[in-house]
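# A look at the structure
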Amino acid sequence: KPLQPNKRDSEAEKKIGKIIIEARPDEVSAESSVRHVFEESAAPKTNDDDVTRGVKNDLNTIKETLALNNVPGEPYVLGLAGTLPYLATSISTVYLAWDLNTAWPTTSNFLNSILVSHETAAHWLHLLEPIQVGYGAVIISFLGAVHWGLEYAEQTPSRDRTRFRYGIGVIAPAIAWPTIFMPIHWALTSQFLSFTFLYFADSRATMKGWTPSWYGTYRFVLTAVVGAAIFISLVGRAKVGESRSHLTSTELQNLLHQKADGSEPYRNWAKEEEEERVRLKEKKKKEEEKKKAEEKKKAEEKKKGGKDDAKDSGKESEED
């Protein structure tokens, strides 16, 4: 019969109290009453096969997650295709940076076949700036518009969900648009932070059930690809030695015409033009000084001639 809560079993206590404790010295040793510092774990033992199997399961889970198996075909293909312009501009930036830091033409026929002149590389690097930054601004705005589309499709109202979605839809273009006016380094860095912010916002929406269940993982993979592309672009441009948004400074022009040892293998037309401008300016200044000196000399001669005429006329009047 089970005991009632908070009630004591008096009969059992009496029986236990009548038991006489007997001494058993043969069962007592120096270690029987001491707890060892190092002792075997009470957890069930596992062999190496179990550990290997667990690691494989974890790797398979990560593989399945990154493979985006749960993502529908259309957004999967279009999403990956949307990262191609970023990857193309990033790889092109690294190539052009390498070209600008390599003396051209080289002694290798193979390198000469894949490299272009420094002027051409700088020209193409200029063209990549508005392409990459403009495309990034469009994608950031699009990610905000996704939440507006999801909200328009809802049929049950929710104040928190509506505020979140409309807020993200407004914030996204607001932070994307100013980046097209920034210097290239600041623009790429700002867009990287924007993509990261939108990823965390999308993850929060997925956890709350405001997006499809696969959207959070989908956005993680695409954000990782875009973030890596932006990082590659920043590294490539850092190799060029830019400190401004455009490659039009005198320092960069000197860089384009200098070898690693500081010599100039090509004619520096900008330098020669500046020297010619200075030479013509000095020549013009000397001609003006010479002209002024001649005019001053003529004036003095004219003045001297007038005095001589006055003396001659005075002599003639005295003789009369």
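Thresholds, definitions, all that
- Residues numbered from 1 in each chain as written.
- Predicted model: local features only at pLDDT ≥ 70, side-chain atom pairs only at ≥ 80, totals over all residues.
- Heavy atoms only, no water.
- Helix = DSSP H or I, 4+ residues; strand = E, 2+ residues; numbered from the N terminus.
- Buried < 20%, exposed > 50% of the residue type's maximum accessible area, 1.4 Å probe, protein only.
- Contact = heavy atoms within 4.5 Å.
- Areas by Shrake-Rupley, 256 points an atom, 1.4 Å probe, with all protein chains shown as cover.
- Expected span 1.5 Å × (residues − 1).
- Arc of directions from axis to C-beta.
- Core = buried A, V, L, I, M, F, W, Y, C linked by side-chain atoms within 4.5 Å.
- UniProt positions renumbered as here; feature names shortened; annotations may be inferred.
- Phe/Tyr/Trp six-rings, centres within 6.5 Å; stacked < 30°, edge-to-face > 60°.
- Patch = residues over 30% accessible without salt bridge, like charges linked within 9 Å, V, L, I, M, F, W, Y side chains within 5 Å.
- Salt bridge = Lys/Arg side-chain N within 4 Å of Asp/Glu carboxyl O.
- Axes fitted to C-alpha atoms, helices over the stretch in contact; angles between N-to-C directions.
- Parallel < 35°, antiparallel > 145°, perpendicular 65-115°, else oblique.
- Left-handed = near helix turned anticlockwise from the far one by under 90°.
- Nonpolar A, V, L, I, M, F, W, Y, C, P; charged D, E, K, R; others polar.
- pLDDT = per-residue confidence, 0-100.
- Polar contact = N/O pair within 3.5 Å; in protein donor to acceptor, adjacent residues only side chain to side chain.

As recorded by an unreviewed UniProt entry, the chain carries the name Mitochondrial inner membrane protein 1 and is attributed to Lasiosphaeris hirsuta.

This part covers the overall build of the chain. Helix and strand counts for the chain stand at 11 helices and 0 strands. Its helices and strands taken in sequence order, the chain reads α-α-α-α-α-α-α-α-α-α-α from the N to the C terminus. A buried classification covers 24% of the 320 residues belonging to the chain. Put simply, of all contacts in the chain between residues at least 6 apart along the chain, 68% involve residues at least 24 apart. As presented, the chain carries roughly 23800 Å² of accessible surface, and 59% of it is formed by carbon and sulfur atoms.

The terminal C-alpha atoms of helix H7 (residues 159–176) lie 26 Å apart, and with 18 residues this matches the ideal 26 Å at 1.5 Å per residue to within 8%. Residues of H7 that are buried include every one of Arg 161, Phe 164, Arg 165, Ile 168, Gly 169, Ala 172 and Ala 176, and no others. An end-on view of H7 places all buried positions within 130° of arc, on one side of the element. Along H7, the residues that are exposed and aim more than 90 degrees away from the buried face are Arg 159, Asp 160 and Arg 163. Along its buried surface, H7 packs onto helix H6 (118–152) and helix H8 (184–207).

A word on the nonpolar core. Counting residues in each nonpolar core, the largest one holds 25 residues, and the members touching the most others are Tyr 86, Ile 140, Phe 164, Phe 195, Leu 198, Tyr 218 and Ile 230. Secondary structure elements with two or more residues in this core: H6, H7, H8 and helix H9 (215–240). In terms of residue count, H8 provides more of this core than any other element does, 7 residues in total. The next biggest cluster of nonpolar side chains, apart from the first, holds 5 residues, and it includes Leu 96, Leu 100, Ala 121 and Leu 125.

With that out of the way, let us pick up the UniProt feature "transmembrane region" (unreviewed entry) in the chain. The positions UniProt marks with the feature "transmembrane region" (unreviewed entry) are residues 76–98, 133–152, 164–188 and 217–236. Each end of residues 164–188 is marked by a C-alpha atom, and these two atoms are 26 Å apart; helix forms 72% of the span and strand 0%. The span residues 217–236 is 100% helix and 0% strand, and its two end C-alpha atoms sit 29 Å from each other.

Turning to the packing of aromatic side chains, a few remarks are in order. Each aromatic ring pair is specified by the distance between its two centres and by the angle formed by the two planes. All chains considered together, the criterion is met by 13 aromatic pairs. Members of the aromatic cluster, each reached through a chain of ring pairs, are Tyr 86, Tyr 135 and Phe 195.

Let us now look at a nonpolar patch on the surface. There is a patch of nonpolar side chains on the surface, built from Val 94, Phe 231, Ile 232 and Val 235 and spanning about 330 Å² of accessible area. A per-element tally of the nonpolar patch places H9 first, with 3 residues. Relative to the assigned elements, Val 94 resides in helix H4 (residues 84–100). You can call Val 94 partly exposed: its relative accessible area is 36%.

With that settled, consider the packing of H4 against H6. The interhelical angle for the contact between H4 and H6, taken along N-to-C directions, is 155°, at an axis separation of 9 Å. Considering their axes alone, H4 and H6 lie roughly antiparallel with respect to each other. The two elements H4 and H6 meet at a crossing, and its hand is left-handed. Residue-level inspection shows Pro 85, Tyr 86, Thr 89, Ser 90, Ser 92, Thr 93, Leu 96, Asp 99 and Leu 100 of H4 in contact with H6, the latter providing His 118, Ala 121, Ala 122, Trp 124, Leu 125, Leu 128, Ile 131, Gln 132, Tyr 135 and Gly 136. Of the residues assigned to the contact of H4 with H6, the class counts are 11 nonpolar, 7 polar and 1 charged.

Turning our eyes to something else, we now look at the confidence of the model for the chain. The pLDDT averaged across the chain works out to 79; a share of 73% of its residues lies at or above 70. Across the chain, the element-wise mean pLDDT spans from 51 in helix H10 (residues 250–256) up to 94 in H7. When the criterion is pLDDT under 50, residues 242–252 qualifies, and its contacts beyond four places in sequence or with other chains add up to 23 contacts.

Once their charged atoms are close, side chains differing in charge can pair, the charge on each being opposite to the other. In the structure shown here, the tally under the stated rule is 7 salt bridges. A salt bridge links Arg 279 to Glu 276, with the nearest nitrogen and oxygen atoms 2.4 Å apart. One end of the pair, Arg 279, and the other, Glu 276, are both in helix H11 (residues 269–319), 3 residues apart, so they sit about a helical turn from each other. Residues joined in a network through salt bridges with shared partners are Glu 151, Glu 154, Arg 161 and Arg 165.

Within the element layout of this structure, Ser 233 appears in helix H9. At a separation of 2.9 Å, a polar atom in the side chain of Ser 233 contacts the side chain of Ser 90. Setting aside residues no more than four positions away along its own chain, Ser 233 makes contact with Ser 90, Thr 93, Gln 132 and Leu 188.

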